[in-house]
Amino acid sequence: MGNQAEGSALNGELDLSQVDALVEPYLDKQGVVIPVLQKIQEHYGYLPRPALERAARRLRIPLSRLYGVATFYAQFKMMPRGRNIIRVCKGTACHIQGGSKIAERIEEILKIKVNETTPDMKFTLEEVACIGACALAPVMMINDEPHGRLTPDKIKKILASYE
Amino acid sequence: MERFIDPCCERCTHTTKTPCKDFVECCVEGPLCHEDEACAAKRKALIDKVAINNKFVIC
Amino acid sequence: MYEKHLMICGATGCLSSNSGKVKEALEAELARRGIKEKYRLVMAGCVGFCEVGPIIVIYPDEVFYCRLKPGDMAELVEKHLIGGEVVERLLYTSPDVEVPGRFYDTIPFYRKQVFNVLRNSGIIDPEIIDEYIMRGGYRAFSRALKMERPQICDEVKRAGLRGRGGAGFPTGMKWEFTMIAPGEKKYVVCNADEGDPGAFMDRSILEGDPHAVIEGMLICGRAIGADEGYIYCRAEYPLAIKRLRIAIAQAEEYGLLGENILASGFNFHLNIKEGAGAFVCGEETALLASIEGKRGMPRPRPPFPAVSGLFGKPTCINNVETFANIPLILREGGVEEFASIGTESSKGTKVFALAGKIRNTGLCEVPMGITIREVIFDVGGGVQGDREFKAVQAGGPSGGCIPAELLDLPIDYDSLTKAGAIMGSGGLVVMDDRTCMVDLARYFLSFTQKESCGKCIPCREGTKRMLEILERICDGSGEPADLDTLESLAFSIKDSALCGLGQTCPNPILSTIRYFRHEYEEHINEQFCRAGVCKALFQYYIDPETCIGCTRCARVCPVSAISGEKKEVHAIDQSLCTRCGSCVEVCPKNSIQITRVRRKADVSS
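Bear in mind the structure is a predicted one, so any value in this text is a computation, not a measurement.

So, how was this worked out
Just so you know, the residues in each chain are numbered from 1, in the order the chain's sequence is written. Here chains are named by letter from A upward and ligands by number from 1 upward, in the order in which they appear as written. Selection of residues for local features in this predicted model requires a pLDDT of at least 70, selection of side-chain atom pairs for listing and counting requires 80 or more, and totals for whole chains, interfaces and linings are taken over all residues. Water and hydrogen atoms were dropped before computing side-chain values, which therefore reflect all heavy atoms in the structure. Contacts: residue pairs with any heavy atoms within 4.5 Å of one another. Take the accessible area each of two parts loses on contact, using a 1.4 Å probe, and add the two losses: that sum is the buried area. Salt bridges, as used here, are contacts in which a Lys or Arg side-chain nitrogen is within 4 Å of a carboxyl oxygen on Asp or Glu. Pairing of N or O atoms within 3.5 Å defines a polar contact, subject to two protein rules: one partner must be a possible hydrogen donor and the other a possible acceptor, and residues neighboring in sequence count only if both atoms are side-chain atoms. Each helix is a run of DSSP H or I of at least 4 residues and each strand a run of E of at least 2, with the numbering of both proceeding from the N terminus. Think of it in three bands: residues with accessible area under 20% of the maximum for their type are buried, residues over 50% are exposed, and the middle band is partly exposed, with areas taken using a 1.4 Å probe on protein chains only. Helix axes use the C-alpha atoms of the stretch in contact, all axes being lines fitted to C-alpha atoms, and the angles between their N-to-C directions lie in the range 0 to 180 degrees. Gly is placed with the polar residues, together with every amino acid not listed as nonpolar (Ala, Val, Leu, Ile, Met, Phe, Trp, Tyr, Cys and Pro) or charged (Asp, Glu, Lys and Arg). Strands pair, by our definition, only if DSSP identifies at least two bridges between them. Only residues whose relative accessible area exceeds 30% and that take part in no salt bridge are eligible for patches, with like-charged residues grouped when within 9 Å of each other and nonpolar side chains (Val, Leu, Ile, Met, Phe, Trp, Tyr) grouped when within 5 Å. Throughout, the Shrake-Rupley method with a 1.4 Å probe supplies accessible areas, and for residues the shown protein chains are the sole cover considered. Two residue types count as positive, namely Lys and Arg, and two as negative, namely Asp and Glu; His and chain ends fall outside the count. Charge positions come from single atoms, namely NZ of Lys, CZ of Arg, CG of Asp or CD of Glu. Here the arc refers to the directions that run from the helix axis out to each C-beta atom.

**Some remarks on the interface of chain A and chain C**
The figure often quoted for interface size is the accessible area lost as the parts come together.
Move 1: Each partner contributes to the interface: chain A provides 38 residues, whereas chain C provides 60 residues.
Move 2: It is Phe72, Thr92 and Ile96 of chain A in chain A that bury the most area against chain C; as a group they hold 18% of the surface buried on that side.
Move 3: Here chain A is connected to chain C by 3 salt bridges.
Move 4: A salt bridge links Lys450 of chain C to Glu127 of chain A; its shortest N-O distance comes to 3.9 Å.
Move 5: Where chain A packs against chain C, one counts 21 residue pairs in polar contact (both at pLDDT 80 or more).
Move 6: Where the side of chain A that touches chain C is concerned, the elements lending two or more residues are helix H2 (33-44), helix H4 (63-72), helix H5 (92-96), helix H6 (99-110) and strand S2 (123-128) of chain A.
Move 7: The element that contributes the greatest number of residues to the side of chain A that touches chain C is H4 of chain A, accounting for 5 residues.

Here it is, written out as C-alpha cells:
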C-alpha cells in the first residue's frame, strides 16, 4: 500500500490504462468482485469511479454490483486517502482501556474527524474494529506499523515521526 | 538432502506427479522402501538441525 | 548443528512491542562477534504471554527471557550464549513469584495451561513445513487417507469436538451431514474472519502453526468428499495471510495438496479469500456470499450450508481452532486422548485471549471445565493494579458479562450459556470498578448497529432504537421506563432476527441488565456513573486530604482547568473540565476522585 497516493485524482488526471491489466487475471472466473476491488484499491489507494466503470465493462458485471459490494465492506474507500493511514482500534479491550481518548487526541492534533484526510494529504484517520493486539491496548496502526500501550500524551510524538 | 522433499537417493520417487503413499511417515522414520544407513542419516541430520530437544520429534 | 536455538516471538503482540528491533539487535551482535552460524534464530509463533513481550526462549537450555529491549542483546550474547550463564535480570519477575521464573514450569501464567492446539506455536518455524512434519504433522491426514469416510466422521464424533467458533455445534455431526448430502462437488471452508473485538486466538494459530489448519481442512475434505477449500481470512491479519500462503505453497510442493495426494486418488486444492472488513461475514451464510463476491448478507437457513452452501454446493464450514484440533483427534489413539480432557459435554481444550484490565494479558490454552476464577486469577494473575474485579465479558458482541459471584463457574459451552454469556470464539475481557456496564452495553450495541447488514428489520431498526435508548441513558436523559423497553426490544430481536449476529446482539444488554441493573438505575434515577466513564454523569474533584501539590495534573490538563501552587492542594474548575481523565492517569496519590454532578438547580441557587 506504499504508493497509494501516486496516480490519485489529486490533479484530476487518472491513468486508467492499468485497470485492464489489473482485471485481466479475473476474466471469466466466479467470485471475483472482491479481489478485483482489492487490486484496484491497492493500485490507486482508493476506488476511483472511472476505474470502476472501466472494470465493470471489462468484467461484464454491472457497475451497480461493483458499487454495491464496494460500499458494503469497510475496507473499500471511495475517496482518495492520505499518505499515512492511521487506524485507531475500537476493540473491546481498547475501549475499556481508554481507546476513545486516543482518537479524540488525534482529532484535536490533526483537526480532522474519523474518516477524514488532512488537507496536505499527510494523514487519514480511520477506525478499525479490532486489530487483535488486545494485550497492548489501547492500540493504533499507522500504515502497517502497530503502536501499543498508548496514552494521549504519546500521540504527538508518534505522529511527528511520519512524513 | 536439504529438505524432506529432496530424494535421499535415486530410489525415492516421491514427487507431485508420482506420489508415494508413505511419504509423510518416511520423512522422519525413513527410508521405508529400502534400507540404507546413509539415507537414514540424511534424514536424521535434517532433524538434528532444528530439533530443540529430545521431545521435539513426534512419530 | 546449532549450539542453541533462539525462538523469538514474532506474533503481532510481540511485534507491536518491538520484537523486530530486538531480533535485529541480536543479529547485529552475533555478526559483530562473528558467531552467527552457531545459533539458530527463528521468528516463531506466539507463546501467549504478550504482556511481557518481546520474548525469546532459548533451547535446549529452556530459558525464557522477557520484556527485552534491543539494548539487552549484547549482555544476552556475552553472558548466556558465550558465558553459558543465565541472565537473571531478564528472566520473568513479578509479585506472584518469589524467585525469577526460568522456564514455563516456574511461571504461574503457564502452570494451568495445556498445549494442544498451540502445541507447535513458538517451537517451530511456521514458515518451514519440514518442522511441522517432524512434530508429527500430516500423519493424521495420511492415516485418514487409509480410512473409510464414515469412519473419519465417527472418530470426530466420538472425540466430542464441538465448534470452536462460538455456537459449539458438534463438528462430527456437521461433517456427517455434509458427507451424506448428495452432490458431486463439495467444499470445505475455514472461517478465519475473526471479527469479535477482543479476540485474537485464530490469528495466533494461523501465524504460529498454519499447517495444522491446512491438515485439518484436508482431513475434512477427505471425510466429506470435497476437492476444494477456501480459507476466509480477515485482511487486517496480513501476517497470518502471508504465513498461510507460504504454507499452502509448501504443501503443494510436497504433494500434500493437489492431485492424487499420496497416491490415494484424493484431490484437494486450497484458496485464500481475504475478507474486506464486515463483521457479519463471520456468520456462515454471509461468509459464503462474500466468497462468491457478493455483499456479505446472510440468508435464512434451511437449507443449511451442509446441503446447499458455496455456489449452491454442499459445504462444511468450521472455525480455525476447530480445524487445528482435528489432526490431534485423527492420529493413532487421538480420540481417547482428546476426550480424556474436559467435561462430559465439552471435550478438549479451549484457547482464550485475555485482555482488558487483567495483569497477564495474552493467549492461554486451558482444559475445558476449568473455572473462570482459575483462568482470570491463576493464569491471568488477577486484576491490574489490584483493583476490584467487576465482571468478565465473554463472547464479544454476541456474548455477555459474567459477574464476580459467578467466578467459580466451570468453562464449558452449557454453563456459560446458562449464565447468559456464550463460549464465543474465546475472547475474555476483564473489567474492574472503573468500567461502566451501561457504557459497555452501549459500546457493543454501537458496534453491532454499525455492522448490521440491514437485511432484516428487527436487527436494522431494533439495534438503532436500542442504541438510542442507551445513548440517552449515558447522557443522563434516561427514563425509568427505558429498562422495560430495552428488555422487550431485546427479546423481540432475539426471537425474530434473521441471522446469528442479530439474534445474539441483545446479549450484552440483557446480561448487563441481569447482573448490573443497579448501575442502569443509578444512571437513570440519580444521574450518576460511579465508574467515571459517562462524562455527563460525574465530576472529578481533588481530595484535599491526599493531594501533595506535585503539579503533575495541572501540567497535563489539556484545557488548563486545574490550578494550584506547588506543594499546595490543587483544585479543578468544573466549568472548564472536559473529564478527559488525563489527570487521573498521572496522579501519584490517587487523589482525583469521582463525585456526583451538582444539579443545575443547586448551582443556580
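**Section: the arrangement of the chains**
Move 1: By contact count, the leading pair among the 2 pairs of chains in contact is chains A and C.
Move 2: No part of chain A reaches chain B; the closest C-alpha pair between them is 25 Å apart.

**Some words on helix H13 (residues 320-330) of chain C**
Residue and element names in this part refer to chain C.
Move 1: Along H13, 11 of the 11 residues are buried, which leaves the element largely enclosed by surrounding structure.
Move 2: Among the residues of H13, those classed as buried are Val320, Glu321, Thr322, Phe323, Ala324, Asn325, Ile326, Pro327, Leu328, Ile329 and Leu330.
Move 3: Of the residues flanking the start of H13, the one acting as N-cap is Asn319, its side-chain oxygen 2.7 Å from the backbone nitrogen of Glu321.

**Notes on the packing of helix H18 (residues 457-475) of chain C against helix H21 (residues 507-526) of chain C**
In helix packing, the relevant descriptors are the interaxial angle and the interaxial distance, both defined with respect to the helix axes.
Residue and element names in this part refer to chain C.
Move 1: Close contact between H18 and H21 brings their axes to 11 Å; oriented N to C, the two are set at 40°. Only Ile509, Tyr520, His523 and Ile524 of H21 make contact with H18, whose side of the interface consists of Met466, Leu470, Ile473 and Cys474.
Move 2: Considered class by class, the residues forming the contact of H18 with H21 number 7 nonpolar, 1 polar and no charged.

**Let's talk about the interface of chain B and chain C**
Move 1: Residue-level contacts link 27 residues of chain B with 29 residues of chain C.
Move 2: Of the roughly 2,600 Å² buried between chain B and chain C, counting both surfaces, carbon and sulfur atoms make up 62%.
Move 3: Taken as a group, Val24, Ile52 and Phe56 of chain B account for 26% of the area that chain B buries against chain C, more than any other trio of residues on that side.
Move 4: Between the two partners, chain B and chain C, sit 3 salt bridges.
Move 5: Among the ionic pairs, Arg139 of chain C bridges to Glu29 of chain B, the shortest N-O distance being 2.4 Å.
Move 6: Our count for the contact surface shared by chain B and chain C stands at 10 residue pairs in polar contact (both at pLDDT 80 or more).

**A look at the pairing of strand S7 (residues 258-261) of chain C**
All names here are of chain C.
Move 1: Here S7 runs beside strand S8 (residues 266-275); their pairing, made up of 2 bridges, is antiparallel. If you follow Gly258 over to S8, its bridge partner there is Phe268.
Move 2: Here S7 folds back onto S8 in antiparallel fashion, the turn holding 4 residues, of which Leu262 has a positive phi close to 50°.

**Things to note about a positive patch on the surface**
Residue and element names in this part refer to chain C.
Move 1: On the surface, a cluster of positive charge is made up of Arg552, Arg555, Lys566 and Lys567.
Move 2: With respect to the helices and strands, Lys567 occurs in the loop between strand S16 (562-563) and strand S17 (571-572).
Move 3: Its relative accessible area of 70% is what places Lys567 among the exposed residues.

**Topic: the environment of Asn84 of chain A**
All names here are of chain A.
Move 1: Tracing the backbone through its elements, the reader meets Asn84 in strand S1 (residues 84-89).
Move 2: For the pair formed by Asn84 and Leu66, sequence separation is 18 residues and the distance between their alpha carbons is 26 Å.
Move 3: If sequence neighbours within four positions are ignored, Asn84 has contacts with Lys122, Phe123, Thr124, Ile142, Asn143, Tyr162 and Glu163.
Move 4: Separated by 3.0 Å, the side chains of Asn84 and Asn143 make a polar contact.

**A look at the pairing of S2 of chain A**
All names here are of chain A.
Move 1: Of all 6 residues in S2, 5 are buried, a share of seventy percent or more.
Move 2: Relative to S2, S1 is paired through 6 bridges, and the arrangement is parallel. Looking at the pairing, Asn84 lines up with Phe123 of S2.

**A closer look at helix H3 (residues 49-59) of chain A**
Residue and element names in this part refer to chain A.
Move 1: Listing the buried residues of H3 in full gives Ala51, Leu52, Ala55, Ala56 and Leu59. Taken end-on, H3 shows its buried residues confined to a sector of 135°, consistent with a single buried face.
Move 2: Residues of H3 that are buried sit in contact with helix H1 (17-23), H2 and H4.

**Let's talk about the pattern of salt bridges**
Two side chains bearing opposite charge may form a pair once their charged atoms approach each other closely.
Move 1: Inspection of the entire model under this criterion finds 64 salt bridges over all chains.
Move 2: Between Lys55 of chain B and Glu62 of chain C there is a salt bridge whose closest N-O contact spans 3.8 Å. Here Glu62 of chain C lies in the loop between strand S3 (56-59) and strand S4 (63-65) and Lys55 of chain B lies in the segment after helix H2 (37-50), a pairing that spans two chains.
Move 3: Overall, the relative accessible area of 56% leaves Lys55 of chain B in the exposed class.
Move 4: Through salt bridges that share partners, Asp20, Glu24, Arg54 and Arg58 of chain A make up one connected network.

**Focus on the sheet that holds strand S6 (residues 228-234) of chain C**
Residues and elements named next belong to chain C.
Move 1: Taken in spatial order, the 5 strands of this open sheet run S7-S8-S6-S5-S9, and their pairing is mixed. Two strands close off the open sheet at either side, each with one partner strand: S7 and strand S9 (315-319). Averaged over neighbouring strand pairs, the angle between their axes works out to 25° when direction is ignored.
Move 2: Its contacts with the sheet place helix H11 (residues 238-253) against S6 and S8, and it is angled at close to 160° to S8.

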